[in-house]
Amino acid sequence: MRGSAKVFVITGLTFVALLLMYYLPVMNVGGTQLRQVDVLADLDADSTERYDAESITIDEVQKPKGAWKDSVPEGVEPIIDYGTDSTGGMDSFYAALAQGKKLGRPVRVAYLSDSFVEGDIMLVDLRTMLQKHFGNGGLGWLRCRTNFDEGTFAANLSSSGFEPRHIMKARSLSLAHYILPQGYSEVHGTATATVASLSGEQATTWSRATVWGYTDLGATVTGTPTGTTVQWRPHKGIQQARFHAANMRRFSTTVKGDAKVFGMSLENDYGIVVDNFGVRGSSGMQLANLAVGLSADFARQHPYDLVIIHYGLNAIAQAGTEKTCSWYVANMKKCVARIRKIYPRSAVMIVSASDMATRSHSTGKVRTMPAVEPLVRYQQKMAAEMGVGFINFYDMMGGRNSVVSMAEHHLAEKDYVHVNRRGGKMLAEKFAKSFVAGYDNYKRKKAAGY
C-alpha cells in the first residue's frame, strides 16, 4: 500500500472511531464530568448546551446605572436602558412620546432589520398597536419600488419607471447616497407610483405625503390628490416634495427627469409611525458605510426619535460559533457608532437575534442553532458598552426551540427562521407591551423626580 493511501485509510479509520465514541457512556474523572465526544457537534442543532459553559467566559453584562428601578408587569419582556447617562438611551424616545401633539410631528421609529420584517410582517401590527396607544401617525415610509415585495399588509403599492438600488447589491448602489432607508430608485425619464390604504384593522389615513430624493440634473415631482408640482433643482443634498390633503387613503406621484428617489413618507401631524427599513439577507454590518454627510442632511429634515437595530441571524446562519458571534458584534459596534454620529439626539435600541433552528444530523430533530444564545449575550453586552437600549427578542419569542413550537402551531415557516403573519402579530403584541411598560416606567420615574 502506498504512503498516500495509508494516510487516507488511517484518517478514515480515525474518523469512524470518533463517530463510534459518541455512543460511549458519559464518564467522570475525579468528580468532573467529561464532555461527550461528538466529532460532528459543530453541525448538530442538538449541541446547543455545549455553549453554556463557554458563555461564562463573556464578562458579566453590565446592569443599568442609577438609583431608579424599573417595574415591569409579569410576562412582559423589559426594554433595558443602558443609556441612562447618554443621549443614546431610551429616555429621549419616551420624552418625545410624552410631548404628544406639542411635538408638532409624529414620533418616528426607524426599524433596521433583515427579511424577518419583509413585507411588513410584525411591524404592520406593531405600528397599529402603538398607534392605538399613542395616536395615528400615518402609514409611514414606503419605497417607491423594491426588489422584493411591493406594498405591505396595510397598503398596496404599484409603480413603474423606478429602477431599484439597495445595499445588498452594492455595485448598483452609490455609497455616496447610502442613507438610512438603505436604498433608492433611479429615475431616468418618467416614473409613477401609487399607494392605496387597504381595509381592515391596519387601515389608516394620512394628511401629509412627502417624496424624498436627490438630483444632479433636476427633476419635477407631481402629487395627487393635490395635483401640484414641485421643482427639484440640481443640489448636493436631500430634497423633498411635500403634499397636504386631509384624510388621504390614496396618493400618487409622478417624477420626471433624472433623480435618485429614496421613498415617500405618509404621515399625520402627531402620533407615532414605525418605518420599515428591512433588507433581505442583510447582516447589518453595511450600516458602517452610511454616508455621514447626506445622512445627517436627511436626519435634519426627517429626524427619528428611536432607531432600532435588529440583526444577527444572517451572520451565523451557515457556520456560527461563539468566535463568530464575538467577531460579528465587534464589527456591529462600528455600525452603532455610525448611527449615533448621524443621530446624536436619538434613542438607539438593539433588538437581539430571534430564535433560529436547524435539523440535527444524528437524531433528525429540529433544535435551536448552537450560536443563537451566545449571540444574544454578546448583543446585550454590546448594548451595555455602547450605552443604548436593549430587548431580548429571543426570550420574548419563548427562548430555546421557540421557533420550532411556533412552526408546529402554524405561526412560523418551516425554514425555522421566519414567522408568518399570525406569528408576527403575536410577537407584535408582546413587543407593544414592552414599549408601553417602558413608557409607563419613564412617567413614574419623572413623577418621582429622577
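Structural data are supplied above this passage.
Residues numbered from 1 in each chain as written. Predicted model: local features only at pLDDT ≥ 70, side-chain atom pairs only at ≥ 80, totals over all residues. Heavy atoms only, no water.

## Thoughts on helix H3 (residues 91–99)
No. 1: Turning to H3, its buried residues are Phe-93, Tyr-94, Ala-96 and Leu-97. Viewed end-on, H3 has its buried residues packed into an arc of 155°, placing them on one side of the element.
No. 2: Packing partners of the buried residues in H3 comprise strand S4 (107–112), helix H4 (123–134), strand S13 (272–276), strand S14 (306–310), strand S15 (347–351) and helix H11 (421–447).
No. 3: Taken from the residues just after H3, Gly-100 is the one with a positive phi, measuring 60°. (Buried < 20%, exposed > 50% of the residue type's maximum accessible area, 1.4 Å probe, protein only. Helix = DSSP H or I, 4+ residues; strand = E, 2+ residues; numbered from the N terminus. Arc of directions from axis to C-beta. Contact = heavy atoms within 4.5 Å.)

## Considerations on the pairing of strand S5 (residues 138–142)
No. 1: In terms of burial, S5 is largely enclosed, as five of its five residues are buried.
No. 2: Two elements, S5 and strand S12 (residues 250–267), share four bridges in a ladder whose sense is antiparallel. Residue pairing across strands places Gly-140 opposite Leu-266, the latter belonging to S12. (Pairing = 2+ DSSP bridges.)

## Considerations on the sheet that holds S4
No. 1: Here we have six strands laid out as an open sheet, ordered S3-S18-S15-S14-S4-S13, and mixed in their pairing. A strand with exactly one partner marks an edge of an open sheet, and here the two such strands are strand S3 (80–81) and S13.
No. 2: Bridging between S4 and S13 involves five bridges; their strand directions are parallel. Bridge pairing links Arg-108 to Val-273 in S13.
No. 3: Of the strands in this sheet, S3, S4, S13, S14 and S15 are in contact with H3, which crosses S4 at around 140°.
No. 4: Packing of H11 onto the sheet brings it into contact with S4, S14, S15 and strand S18 (389–391), and relative to S15 it is tilted by some 140°. (Axes fitted to C-alpha atoms, helices over the stretch in contact; angles between N-to-C directions.)

## Section: the pairing of S14
No. 1: The buried count for S14 comes to five of five residues, which makes it a mostly enclosed element.
No. 2: A two-sided burial pattern is seen for S14, the buried positions comprising Leu-306, Ile-308 and His-310 on one face and Val-307 and Ile-309 on the other.
No. 3: Examined bridge by bridge, S4 and S14 share four bridges and lie parallel to one another. For Leu-112, the partnering residue across the bridge sits in S14 and is Ile-309.
No. 4: Both S14 and S15 contribute to a ladder of five bridges, which runs parallel. Directly across from Ile-309, in S15, lies its bridge partner Ile-350.

## Side note on the pattern of salt bridges
Pairing of side chains with opposite charge becomes possible as their charged atoms draw close.
No. 1: Following the criterion strictly, the structure yields 18 salt bridges and no others.
No. 2: For Glu-118, the salt bridge identified is with Arg-280, shortest N-O distance 3.0 Å. Taken together, the residues span a long stretch of sequence, with Glu-118 in the loop between S4 and H4 and Arg-280 in the loop between S13 and helix H5 (292–301) at a distance of 162 residues.
No. 3: What makes Arg-280 partly exposed here is its relative accessible area of 41%.
No. 4: A salt bridge links Asp-125 to Arg-421; the nearest nitrogen and oxygen atoms lie 3.3 Å apart. Taken as a pair, Asp-125 in helix H4 and Arg-421 in helix H11 lie far apart in primary sequence, 296 residues in all.
No. 5: Put simply, Arg-108, Arg-208, Glu-267 and Asp-269 are held in one network by salt bridges that share partners. (Salt bridge = Lys/Arg side-chain N within 4 Å of Asp/Glu carboxyl O.)

All quantities given are derived from atomic positions and should not be read as evidence of function.
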